[in-house]
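# Overview (structure and organization)
Spelled out from the first residue to the last, the chains are:
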Amino acid sequence: MSARTESAPSLNWRHRLAERGVDRKLWMLLPATVFVLVLFIYPFLYGLSLSFQPMEGGGVLANYQRFFGDAYQRDTIATTLKIALPAALLNVLAAVPIAFRLRGRFRGKRLMTTLLVVPITLGTVLTAQGLLNFLGPTGWFNRVLMAIHLTDDPVRLTNNYWGVFFSLVITGFPFAFLLVLSYLSGIDPTLERAAATLGASRAQRFRRITLPLLAPGLATTFLLTFVLAFSVFPSAVLVGNPAGSTRVISLAAYQAAYEQYDYSYASAIAMIMGAVELVVVAIVLVWRARLYTGSTGGKG
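Just so we're clear, the structure is a prediction, and the values are computed from it rather than from any experiment. (Residues numbered from 1 in each chain as written. Predicted model: local features only at pLDDT ≥ 70, side-chain atom pairs only at ≥ 80, totals over all residues. Heavy atoms only, no water.)

### Let's talk about the environment of Asn159
- Within the secondary structure layout, Asn159 lies in the loop between helix 8 (140–147) and helix 9 (161–185).
- It is 8.4 Å that separates the C-alpha atoms of Asn159 and Gly136, two residues lying 23 residues apart in sequence.
- Sequence-distant contacts of Asn159, defined by excluding residues within four places in its chain, comprise Leu132, Leu238, Val239, Gly240 and Asn241. (Helix = DSSP H or I, 4+ residues; strand = E, 2+ residues; numbered from the N terminus. Contact = heavy atoms within 4.5 Å.)

Pasting the structure below:
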């Protein structure tokens, strides 16, 4: 009787939780929830509160006023967007035709896919070193151009905008390719075959069937590659001009934190950086919703 009496409250407690949609399986989300709170939510809230505590005083918005009132700092937003947006767009546009060709089954598909994703394993530093060796003033590319007398002086493709742009394309393309390939693989191929039997050309099938179904995936791929490119830091230093044309906003935050030791101001710059990314994400999501509102077309 004693054991039954002790287990009764426990059973009632479980029944009450089950009635509210909380069962044992839901408790499995608790470790992931704690992980997100500790590593993401708390640092964000701490950085946000710190940004409203300027080291030099002047009010809660002093750090933000300081940033937008300084053209040298404010221009880092435009500089970063000029690098990140074209790099993300080029990665998506280049990934579509390649992924479209590789979505079928043929000999050598695994080898080609492996070669296309190899840059993921290189890392930013090795990619930058390779660009300097290949596209630098004394690199192979310039030596070939001068050897065949196409130019008298080396073409400057590193330590400027183009060096950072090429680095972002090389490191971002594998992610874009894998994402686009997965989305294409989820589109039922019988839809295109049915359109072909009705007389639709290859271009018409792609424009009216594949592209609308692929559009949500392309938007997501663009956003992920954009976020990766917008947070560029090592490339801007290694193959860019960090004091001039490639002084990105992440570099401004780093200098505020570790050169000026103004962590409050650095937190404000980080918050501005996140806000700009959210604006771009919102614009792309609104565009995606207007372009296509149906399902992505699975095989099931």
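### A word on unusual backbone geometry
- A positive phi is found at Asn159, a non-glycine position, where the angle reads about 55°.
- Its relative accessible area of 31% is what places Asn159 among the partly exposed residues.
- Positive phi is not limited to glycine here, since Tyr261 has a value of about 55°.
- With respect to the element layout, Tyr261 can be found in the loop between helix 13 (249–258) and helix 14 (263–291).
- Assessed through its relative accessible area of 53%, Tyr261 is described here as exposed. (Buried < 20%, exposed > 50% of the residue type's maximum accessible area, 1.4 Å probe, protein only.)

### Thoughts on the packing of aromatic side chains
- In total, this model carries 18 aromatic pairs according to the counting rule given.
- Between Phe222 and Phe226, the ring centres sit 6.3 Å apart and the planes meet at 15°, which makes this aromatic pair stacked. In this pair, Phe222 and Phe226 both sit in helix 11 (residues 202–230), four residues apart, roughly one turn of the helix. Exposure class is identical for Phe222 and Phe226. Each is buried.
- By the ring-pair criterion, three or more aromatic residues cluster together here, those being Tyr161, Trp162, Phe165 and Phe166. (Phe/Tyr/Trp six-rings, centres within 6.5 Å; stacked < 30°, edge-to-face > 60°.)

### Remarks on the side chain of Ser235
- Relative to the elements of secondary structure, Ser235 occurs in helix 12 (residues 234–238).
- Sequence-distant contacts of Ser235, defined by excluding residues within four places in its chain, comprise Thr124, Val164, Ser167 and Gly240.

### Description of the pattern of salt bridges
- Evaluated as defined, the whole model comprises one salt bridge.
- In this structure, Asp262 and Arg66 form a salt bridge, with 3.0 Å as the shortest nitrogen-oxygen distance. Residue Asp262 is located in the loop between helix 13 and helix 14, and its partner Arg66 is located in helix 4 (residues 62–69); the two are separated by 196 residues in the primary sequence. (Salt bridge = Lys/Arg side-chain N within 4 Å of Asp/Glu carboxyl O.)

### Digging into a nonpolar patch on the surface
- Nonpolar side chains collect at one region of the surface, where Leu30, Val34, Phe35, Val36, Leu37, Val38, Leu39, Phe40, Ile41, Phe44 and Leu45 lie side by side and expose about 1,000 Å² of accessible area between them.
- Note on placement: Leu45 falls in helix 3 (residues 30–51).
- Judged by relative accessible area, Leu45 falls into the partly exposed class, the value being 48%. (Patch = residues over 30% accessible without salt bridge, like charges linked within 9 Å, V, L, I, M, F, W, Y side chains within 5 Å. Areas by Shrake-Rupley, 256 points an atom, 1.4 Å probe, with all protein chains shown as cover.)

### Examining the UniProt feature "transmembrane region" (unreviewed entry) in the protein chain
- Sites flagged by UniProt as "transmembrane region" (unreviewed entry) map to residues 26–45, 83–102, 114–136, 161–184, 211–233 and 265–287.
- Structurally, residues 83–102 is divided into 100% helix and 0% strand, and its ends, taken at the C-alpha atoms, are 29 Å apart. (UniProt positions renumbered as here; feature names shortened; annotations may be inferred.)

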